[in-house]
Amino acid sequence: ERFPRAGQGNEVVCPPSTTTYEMRVQMRDGSLQFRQVTINVNSAPPPPANPLSGTRWDVINYNNGRQAVVSLIGGTSINMNFGADGQVTGNSGCNSYFAFYQVNGSNITVGQPGSTSLFCAEPEGVMDQEAGFLAALQSANTFTINGNSLEMRTADGSIAIIASRAP
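Here the structure is a predicted model, which is why all the values come from computation and not from measurement.

### A short note on the packing of aromatic side chains
Scanning the entire structure with this criterion turns up two aromatic pairs. Considering the side-chain rings of Phe82 and Tyr101, the 5.0 Å spacing of their centres and the 80 degrees angle between planes classify their relative orientation as edge-to-face. Separated by 19 residues along the polypeptide, Phe82 in strand S5 (residues 79-82) and Tyr101 in strand S7 (residues 96-104) bring together distant segments of the chain. By relative accessible area, Phe82 is classed as buried at 2%.

### Overview of the pattern of salt bridges
Within this structure, the stated rule accounts for two salt bridges. In this structure, Arg56 engages Asp58 in a salt bridge whose closest nitrogen and oxygen atoms are separated by 3.5 Å. The class of Arg56 is partly exposed, set by a relative accessible area of 34%. On the accessibility criterion, Asp58 (27% relative accessible area) is partly exposed. Its salt-bridge partner being Glu151, residue Arg153 comes within 2.8 Å of it at the nearest N-O pair. By relative accessible area, Glu151 is classed as partly exposed at 27%.

Calculation rules
- Residues numbered from 1 in each chain as written.
- Predicted model: local features only at pLDDT ≥ 70, side-chain atom pairs only at ≥ 80, totals over all residues.
- Heavy atoms only, no water.
- Phe/Tyr/Trp six-rings, centres within 6.5 Å; stacked < 30°, edge-to-face > 60°.
- Helix = DSSP H or I, 4+ residues; strand = E, 2+ residues; numbered from the N terminus.
- Buried < 20%, exposed > 50% of the residue type's maximum accessible area, 1.4 Å probe, protein only.
- Salt bridge = Lys/Arg side-chain N within 4 Å of Asp/Glu carboxyl O.

Structural data, given as structure tokens:
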């Protein structure tokens, strides 16, 4: 399409897919030489998928920050909704919470959670449970999904949260 080109030099090309260019060179003696040059274009691999995106989990156990993995207080529930927008939201037992999260392979970083500011007197200990869960969520460093189970661990390998996939 761009023939003839006269003279010497370089040309930068950025084809969107693998392309073969044919060069016809007319020598000073009038003869023609043909050469083909193929530029291989390899698509960049897609970024790794975020397996948490669009999932909802019911918390079963969490690390209470006192070297213990505990179950939830009877009559309470805690959930985690991981959005495609990089936000995890849910109910932490009394209040609604939200935090930004980022996944890189099996690593996760959760930002400082924010929440509504209700006070729940019943059941006893629910506010401590909520604080413990939010701290455990922020301490998560890695995660593993095994079927309908989610296990989140801290940087030192301790359990942070164990959850099951919500219906």
